[in-house]
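Structural characterization, general
What follows is the residue order along each chain.
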Amino acid sequence: MALSAIDIYKKILPKTNCRDCGYLTCLAFASMVVSEKLPLDKCPHIPADLLARYQPELMDQYDANKWTKRDPAQDALTWARKRAASMALAALPERIGGILMDMGDGPCLALPYFQDTIFIRENSIQTQSGLELNRWEQVFIYNHLAQGGRDVPTGKWKALEEIPNTVSKIKSMREHVELVLQDRFACRVSELQAAADRLGGVTQNNPGAAADVARVFQPLPRIPIFLQFWDAEPSEGFAAKTRLLFDETIVRHLDIESILFLSEELTRRLCEKPANC
Ligand code: SF4
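Residues numbered from 1 in each chain as written. Predicted model: local features only at pLDDT ≥ 70, side-chain atom pairs only at ≥ 80, totals over all residues. Heavy atoms only, no water.

As for the packing of helix H7 (residues 167–185) against helix H10 (residues 256–271)
Packing of H7 against H10 brings their axes to within 10 Å, and their N-to-C directions diverge by 10°. In terms of axis orientation, H7 runs roughly parallel to H10. Listed contacts from H10 to Lys-169, Ser-172, Met-173, His-176, Val-177, Val-180, Leu-181, Arg-184 and Phe-185 of H7 are Ile-256, Glu-257, Leu-260, Ser-263, Glu-264, Thr-267, Leu-270 and Cys-271. In the contact of H7 with H10, the residues fall into nine nonpolar, four polar and four charged. (Axes fitted to C-alpha atoms, helices over the stretch in contact; angles between N-to-C directions. Helix = DSSP H or I, 4+ residues; strand = E, 2+ residues; numbered from the N terminus. Parallel < 35°, antiparallel > 145°, perpendicular 65-115°, else oblique. Contact = heavy atoms within 4.5 Å. Nonpolar A, V, L, I, M, F, W, Y, C, P; charged D, E, K, R; others polar.)

A word on the packing of aromatic side chains
Working definition: an aromatic ring pair is given by the centre-to-centre distance plus the angle between the planes. A full pass over the atoms with the stated rule returns four aromatic pairs. Judged by centre distance (6.2 Å) and plane angle (55°), the rings of Tyr-23 and Phe-29 are tilted. Cation over ring: Lys-15 sits above Tyr-9, and NZ or CZ is 5.7 Å from the ring centre. Across from the ring centre of Trp-230, 4.9 Å away, lies the NZ or CZ of Lys-241, which sits over that ring. (Phe/Tyr/Trp six-rings, centres within 6.5 Å; stacked < 30°, edge-to-face > 60°. Lys NZ or Arg CZ within 6 Å of the ring centre and 35° of its normal.)

Overview of the environment of Arg-184
When you line up the elements, Arg-184 lands in helix H7. What makes Arg-184 partly exposed here is its relative accessible area of 27%. Note: C-alpha distance between Arg-184 and Cys-271 (87 residues apart in sequence) is 7.0 Å. Look past the residues within four positions of Arg-184 in its chain and what remains in contact with it is Glu-191 and Cys-271. A distance of 2.8 Å separates a polar atom in the side chain of Arg-184 from a polar atom in the side chain of Glu-191. (Buried < 20%, exposed > 50% of the residue type's maximum accessible area, 1.4 Å probe, protein only. Polar contact = N/O pair within 3.5 Å; in protein donor to acceptor, adjacent residues only side chain to side chain.)

Considerations on the side chain of Glu-137
Residue placement: Glu-137 occurs in helix H6 (residues 135–147). Glu-137 sits in the buried class, given a relative accessible area of 6%. A polar contact of 2.8 Å, which involves the side chain of Glu-137, links it to the side chain of Tyr-113. Not counting residues up to four positions away in its chain, the partners in contact with Glu-137 are Tyr-113, Phe-261, Glu-265 and Arg-269.

Section: the pattern of salt bridges
In total, this model carries twelve salt bridges according to the counting rule given. Residues Glu-94 and Arg-150 are paired through a salt bridge, measuring 3.0 Å at the closest nitrogen-oxygen approach. Of the two residues, Glu-94 sits in helix H5 (residues 92–96) while Arg-150 sits in the loop between H6 and strand S5 (157–159), which places them 56 residues apart along the sequence. Accessibility expressed as a relative area gives 55% for Glu-94, which makes it exposed. A salt bridge links Arg-268 to Glu-265, with the shortest nitrogen-to-oxygen separation between them at 2.7 Å. Remark: Glu-265 and Arg-268 occur in helix H10; sequence separation between them is three residues, near one turn of the helix. By relative accessible area, which is 41% here, Arg-268 ends up partly exposed. Look at the salt bridges and you will find they share partners, linking Glu-137, Glu-265, Arg-268, Arg-269 and Glu-272 into a network. (Salt bridge = Lys/Arg side-chain N within 4 Å of Asp/Glu carboxyl O.)

Side note on the domain arrangement of the protein chain
The domain boundaries assigned to the protein chain delineate domain 1 (5–63), domain 2 (72–147) and domain 3 (157–271). Distance from the C-alpha centre of domain 1 to the C-alpha centre of domain 2: 43 Å. (Domains from an automatic or database assignment.)

Some remarks on the sheet that holds strand S3 (residues 116–120)
Read from one edge of the open sheet, four strands run S1-S2-S3-S4, paired in antiparallel fashion. Two strands bound the open sheet, and with one partner strand each, they are strand S1 (99–102) and strand S4 (125–127). Direction aside, the axes of adjacent strands within the sheet are offset by 35° on average. Pairing of S3 with S4, which is carried by three bridges, proceeds in the antiparallel orientation. Counterpart to Ile-118 in the pairing with S4 is Thr-127. Across the face of the sheet, H6 comes into contact with strand S2 (107–113), S3 and S4 while running at roughly 75° to S3. (Pairing = 2+ DSSP bridges.)

Some remarks on the site of the ligand
All residues in the neighbourhood of the ligand are listed as Pro-14, Thr-16, Asn-17, Cys-18, Arg-19, Asp-20, Cys-21, Cys-26, Phe-29, Cys-43, Pro-44 and His-45. Taken together, the residues of the shell around the ligand sort by class into seven nonpolar, three polar and two charged. (Near = heavy atom within 4 Å.)

Here you go:
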């Protein structure tokens, strides 16, 4: 039976919280032994017979991957792949766009993604140039596959706060998207226009809103995002302002966490320096 942090605390450590190991408490040290494979002898107060008995037991435990620190990205990816595996590949183009292909190693879905095409297989997602998407991006794409929607955009735009059950994400959208874009592009509208051009953002009429930049991006075939940006007016004391709008059908294709992820990804791509700089 694997040793837990509590087992180590109760059976092995002196429980004096003396801090000689560098941790505030014996229990904190025990957690690090279990999850980070910290050697027991980093506590100088464990009797030799207990060290000799339990350190080999812990080594076996590490070899068996019991209790050691979880890798959240890998856990999320494994879960998302399982979830998406139940989706019939043949139905995906009608539901989310893209085309089915066979490139000699079984069927895959070729799906437009920002300015690229990604090739989605059961266990990998690669760009046109053969690069594997990072694991969080893969989780996002597999979740999109699994969401099950088949609606096409209606052209009715909604801000995040108008979408049900998004209260917990409003602050993140503000801090990770809107403020980032405002800081980066305030008084630099031409740079935002150039970045939007690079990402294929299409100019949108926005009567009434009169934003300095109004572009619609198409990161995925069924998912447009409308960016509005009002530049700062320092002489009048106005800060820059940004708003992202989503088609009302987005919740059929993405969960709330994924909407935020995609917004952050759009922000990251807008803010990154062009390749020739
Ligand atoms: S050195 Fe040992 S006894 Fe002291 S706090 Fe760390 S684990 Fe506990």
